[in-house]
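# Topology and contacts: notes
Okay, here's what each chain looks like letter by letter:
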Amino acid sequence: MMLQRKNRLRALSLGAVAVSGALALTACGTDDTGKSAGGSTAAKASSVKCDNAKGQLLADGSSAQKNAIDAWVKQFSQACGVQINYKGGGSGAGVTAFNQGQVAFAGSDSALKPEEVAASKKICKGGQGIDLPMVGGPIAVGYNVPGVDNLVLDAPTLAKIFDSKITNWNDPAIKKLNPSAKLPNLKIQAFHRSEDSGTTDNFTKYLKATADWKYSGGKAWQAKGGQAASGSAGVAQGVKQNKGAIGYFELSYAKDMSTVAINTGAKTPVKPSVESATADIAAAKVVGTGKDLSLDLDYKTKAEGAYPITLVTYEIACDKGNKPDTLPATKAFLNYIASEDGQKVLSENDYAPIPAEIIAKVRTNIAGLS
């Protein structure tokens, strides 16, 4: 009898530990960005409408939006059981994969070009690829200069730095913009993307619009010199690891790093942030035709608090002619990320939500995908 009583007590004790441990895990769970998950994750997942979504989705494209996609996929997969593999190989790779019929949708920081739309018609039977603006955000210019925590640059100076015409941090042009900074005699290492990139396209569009940038622009880096790295993560890592480095990437990759404030001609230089990017994107105009919602951004803005180096990432999908086995999951996922709850995930991860008037049109066009 004594032995049986001891066993019963031991079982009760172990059960209590198991319950308390489960409660502790629920209370202290974190998501991939280190933020609290727990009940909020369950609440977000429960608001996802699966609408017959099933199976797997392959996708590729913009690395700038990958942190957002990862957060979205976590919620959607938890709710619907659909596995989504987003490679994040860059905008160029995404558009190529889409037009070869390898992926259900693609992400690109640049709208489809006319020849890319023409190519998509071979994949989208009876339709074509369309641009759906889904993710906004500033292209941060991160730097690694010991002793300099606040750095101001303008477009002409940035252009000269990334074109290897300004090669040292104590250059007079940088000193003029930062009279109180202790700029070291240190060589500049300017990092750029090694692969075709929509981030590069938008960054150079800014330089072309606001400075003497002699190159034609596009997804491929064209200026001579500098250091090449793969993806936004690779450029950010290069800046972190090398004194004197500077590079461009989406804000979510600028953790634990100093970023440049841009002198736009406004009273105060503007730092990259969700709020300053939203202020710029709010002035964007829809220039796409039909169901395409490509936007024209204002790189020359001088509005107070508006950050000028901003990008919008588009999800590219067929308006008609989607594959029947992937259409339900594609529509359900796009519906979720365009929803109010989906867009809230952006600001929680250092991205800018798409303005209400534009995202409403996105939702309408997603509903019509067939």
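The structure presented is a predicted model; accordingly, all values stated were derived computationally and were not measured. (Residues numbered from 1 in each chain as written. Predicted model: local features only at pLDDT ≥ 70, side-chain atom pairs only at ≥ 80, totals over all residues. Heavy atoms only, no water.)

## Focus on the overall build of the protein chain
Here is the rule: Helical segments are the DSSP runs of H or I of at least four residues, strand segments are the runs of E of at least two, and each set is numbered from the N terminus. Residue exposure (1.4 Å probe, protein chains only): buried if accessible area is under 20% of the type maximum, exposed if over 50%, otherwise partly exposed. The Shrake-Rupley method, run with a 1.4 Å probe sphere, supplies the accessible areas, and residue values consider only the shown protein chains as cover.
When its secondary structure is counted, the protein chain shows 13 helices and 13 strands. Residues counted as buried form 51% of the 370 residues belonging to the protein chain. Surface exposure of the protein chain reaches about 16,800 Å², of which carbon and sulfur atoms provide 53%.

## Structural notes on the state of the cysteines
To keep it simple, the criterion reads: Cysteine sulfur atoms that pair up within 2.5 Å are treated as a disulfide.
Tallied over the entire structure, the rule returns two disulfides. Here C50 engages in a disulfide with C80; their sulfurs sit 2.1 Å apart. Where C50 bonds to C80 through sulfur, the torsion about that S-S bond is close to -90 degrees, and the disulfide is left-handed. Linking C50 in the loop between α2 (38-46) and β1 (56-61) with C80 in helix α3 (residues 66-80), this pair joins segments that are 30 residues apart in sequence. On the basis of relative accessibility, which here comes to 23%, the residue C50 falls in the partly exposed class. Through a disulfide, C124 is tied to C318; the S-S separation comes to 2.0 Å. With the S-S bond torsion at -70 degrees, the cross-link from C124 to C318 turns out left-handed. Placement of the pair is C124 in the loop between α5 (114-120) and β4 (129-143) and C318 in strand β13 (residues 310-318), with a sequence separation of 194 residues. In this structure, C124 and C318 share a single accessibility class: buried.

## Thoughts on the packing of aromatic side chains
The condition that has to hold: Between 30 and 60 degrees the pair is tilted, below 30 it is stacked and above 60 it is edge-to-face, where a pair is any two Phe, Tyr or Trp rings, Trp via its six-membered ring, whose centres lie within 6.5 Å.
On inspection of all chains with the given rule, the structure shows 10 aromatic pairs. With a centroid separation of 6.5 Å and an interplanar angle of 45 degrees, the aromatic rings of Y143 and W169 are classed as tilted. Note that Y143 is positioned in strand β4 and W169 in the loop between α6 (155-162) and α7 (172-177), a separation of 26 residues in sequence. Both residues of the pair, Y143 and W169, belong to the buried class. An aromatic cluster is built from F162, F203, W213, Y215, W221 and Y248, whose rings are joined through pairwise contacts.

## Regarding the layout of surface pockets
Where we set the bar: For cavity detection a 1 Å grid was placed over the protein atoms alone, and a set of points counts as a cavity when a 1.4 Å probe fits there but cannot get out; an open set counts as a pocket when protein lies on both sides within 12 Å along at least five of seven lines, with lining residues being those that have an atom within 4 Å of a point. Grid points are joined across faces, edges and corners, and a volume is the space filled by probe spheres set on the points. For this classification, Asp, Glu, Lys and Arg are treated as charged, while Ala, Val, Leu, Ile, Met, Phe, Trp, Tyr, Cys and Pro are nonpolar and the rest, including Gly, are polar.
Computed from the structure, the second largest pocket encloses a volume of approximately 200 Å³. If you trace the second largest pocket, you find 16 residues lining it, with G101, V103, A104, K323 and T326 closest to the centre. Looking at the lining of the second largest pocket, its residues break down into eight nonpolar, seven polar and one charged.

## What to know about the nonpolar core
Applied cut-off: Definition of nonpolar core: a set of buried residues of the types Ala, Val, Leu, Ile, Met, Phe, Trp, Tyr and Cys, connected through side-chain atoms within 4.5 Å. Contacts: residue pairs with any heavy atoms within 4.5 Å of one another.
W72, F76, M134, L158, F162 and I246 are the most contacted members of the largest nonpolar core, which has 85 residues in total. Top element by residues in this core is helix α11 (residues 327-338). It accounts for eight residues. Setting aside chain neighbours within four positions, we find L158 in contact with V141, L153, Y206, L207, I246, I262 and I309.

## Considerations on the pairing of β4
The criterion, for reference: Following DSSP output, two strands are said to pair if at least two bridges run between them.
Of all the 15 residues making up β4, 15 are buried; the element is thus mostly covered by neighbouring parts of the structure. Of the strand pairs in this sheet, β4 and strand β8 (residues 245-250) are connected by five bridges, and their pairing is antiparallel. Within the sheet, the bridge partner assigned to I139 lies in β8 and is E250. Bridge count for β4 against strand β9 (residues 258-259) is two bridges, and the pairing is antiparallel. Bridge pairing in β9 places Y143 opposite S258.

## Remarks on the confidence of the model for the protein chain
For the record, the criterion: Note on scores: pLDDT gives the predictor's confidence for each residue, bounded by 0 and 100.
Chain-level pLDDT for the protein chain is 89 on average; 88% of the residues reach the 70-or-more range. Predicted confidence is poor over residues 1-43, with pLDDT under 50, and the contacts of this stretch with residues over four places away or in other chains come to 17 contacts.

## Focus: helix α12 (residues 340-348)
What counts, and what does not: Here the arc refers to the directions that run from the helix axis out to each C-beta atom.
Three or more residues of α12 are buried, namely G342, Q343, V345 and L346. Down the axis of α12, the buried set is contained in an arc of 140 degrees. They therefore lie on one face. Tucked into the core, α12 has its buried residues touching α3, β4, α11 and α13 (356-367). Remark: D350 follows α12 within two positions and exhibits a positive phi of approximately 65 degrees.

## A look at the environment of D201
In this structure, D201 sits in helix α8 (residues 198-210). Between the C-alpha atom of D201 and that of G218, which follows or precedes it by 17 residues, the distance is 4.6 Å. If near-sequence neighbours (up to four positions away) are discounted, D201 is found in contact with S110, G218 and K219.

## What about the side chain of T199?
Keep this limit in mind: Whenever a nitrogen or oxygen atom comes within 3.5 Å of another N or O atom, the pair is scored as a polar contact, on the condition that within protein one atom can donate a hydrogen and the other can accept it, and that pairs from neighbouring residues in sequence are kept only if both atoms are in side chains.
In this fold, T199 is placed in helix α8. Separated by 3.2 Å, the side chains of T199 and D109 make a polar contact. Not counting the four nearest positions on each side in its chain, T199 is found in contact with A64, D109, I139, R193, S232, Y248, F249 and L311.

## Here we look at helix α10 (residues 274-281)
Buried within α10 are the following residues: V274, S276, A277, D280 and I281. One face of α10 carries all of its buried residues, which in axial projection span an arc of 165 degrees.

## Focus: the pattern of salt bridges
Note the cut-off: Salt bridges are counted wherever a side-chain nitrogen of Lys or Arg sits within 4 Å of a carboxyl oxygen of Asp or Glu.
Under the counting rule described, the total for this entry stands at seven salt bridges. The partner of K219 in a salt bridge is E116, with the nearest N and O atoms 3.8 Å apart. One end of the pair, K219, is in the loop between α8 and β7 (227-229); the other, E116, is in helix α5, and 103 residues separate them in sequence. The burial state of K219 is the same as that of E116; both residues are buried.

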